[in-house]
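# Structure at a glance
Below, each chain spelled out in residue letters.
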Amino acid sequence: MRFDPFYLIVSDISALERLVPLGVRLVQLRIKDRSEAELRDQIARAKAVCQAHDAQLVVNDYWRIALDLGCDMVHLGQEDMETADFAALRRANVRFGLSTHDRAELERALALDPAYVALGPIYPTLLKKMAWGPQGLDRVTEWKGLVGSLPLVGIGGLTPERLPGLFAAGADSAAVVTDIQQASSPGARCAEWLAATREYAG
């Protein structure tokens, strides 16, 4: 599959509703610590927005709700993989992306035939305390050699200025959280990212 080079990750529906209409084609809704009712409401709203703007929605973690609401793509971390029903996802034609941080996790992910794999953090990140140090661009190149034609997503500490190095190293897509989330104007920063990644789009 051809993966959009700009992979926006947002933490609530309000950000998704503001940013997707700017031209975002790939967005992950990563929400935490909400009630079941609110999770369902936000995911349903996100699905509607993405359908209206021809964007691919990726639901983080909540694969059961994604199945219930007819979403067609989810992202799972290593812990989520322990309880995910991959057979049910496949039966429903729900594609899934998987997080990886070391060779053992990558081998485990590839055995599940994911739609893409993510590697991170590429650079130091301020969003959350990570159990892994920065992977660096050499690891991106190593991962791309191992995954072949499967889309490889880089995440962690990315900025528009770091894109040439990331893509030259072999990544297919840049996942962005903090750089847009913490910007003084997330909309303006998102537009900068869209412009910066446009030349890498197929």
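Overview of the structure. Quick caveat, the model's predicted, so the values are computed rather than measured.

## Digging into the nonpolar core
Counting residues in hydrophobic clusters, the biggest one holds 57 residues, and the most contacted among them are Phe6, Leu16, Val27, Leu57, Val74, Leu76 and Phe86. By residue number, the principal contributor to this core is helix H2 (residues 36-52), which donates five residues. Beyond its immediate chain neighbours, meaning those up to four positions away, Leu57 contacts Leu16, Val27, Leu29, Ile43, Ala46, Lys47, Cys50, Cys71, Asp72 and Met73. Ranked by size, the runner-up nonpolar core spans 13 residues in total, among them Phe3, Leu26, Ala175 and Val177.

## Considering the state of the cysteines
Summed over all chains, the structure comprises zero disulfides. Considering cysteine sulfurs only, Cys71 is the nearest to Cys50, which forms no disulfide, with 8.9 Å between them. The class for Cys50 is buried, based on a relative accessible area of 2%. With no disulfide of its own, Cys190 lies closest to Cys50 among cysteine sulfurs, the gap being 12 Å. Its relative accessible area of 0% is what places Cys190 among the buried residues.

## Some remarks on the sheet that holds strand S7 (residues 152-155)
Across a sheet, strands are paired by hydrogen bonds formed along the backbone, either parallel or antiparallel in direction. Around the barrel, which closes on itself, the eight strands sit in the order S1-S2-S3-S4-S5-S6-S7-S8 with parallel pairing between neighbours. The mean inter-strand angle of the sheet, taken between neighbouring strand axes irrespective of direction, is 25°. By the bridge criterion, four bridges tie strand S4 (residues 73-76) to strand S5 (residues 95-100) in an arrangement that is parallel. Along S5, the bridge assignment pairs Val74 with Phe96. Sheet strands in contact with helix H10 (residues 186-197) are strand S1 (6-10) and strand S8 (173-176), and its direction is about 160° off that of S1.

## Structural notes on the pairing of S8
By the alternation rule, side chains of S8 split into Ser173 and Ala175 and Ala174 and Val176, which are all buried. Bridge analysis of S1 against S8 gives three bridges, and the strand direction is parallel. Bridging across to S8, Tyr7 finds its partner in Ala175. When S7 meets S8, the two strands line up parallel, connected through three bridges. Paired with Ile155 across the two strands is Ala175, which belongs to S8.

Thresholds, definitions, all that
- Residues numbered from 1 in each chain as written.
- Predicted model: local features only at pLDDT ≥ 70, side-chain atom pairs only at ≥ 80, totals over all residues.
- Heavy atoms only, no water.
- Core = buried A, V, L, I, M, F, W, Y, C linked by side-chain atoms within 4.5 Å.
- Buried < 20%, exposed > 50% of the residue type's maximum accessible area, 1.4 Å probe, protein only.
- Helix = DSSP H or I, 4+ residues; strand = E, 2+ residues; numbered from the N terminus.
- Contact = heavy atoms within 4.5 Å.
- Disulfide = S-S within 2.5 Å.
- Pairing = 2+ DSSP bridges.
- Axes fitted to C-alpha atoms, helices over the stretch in contact; angles between N-to-C directions.

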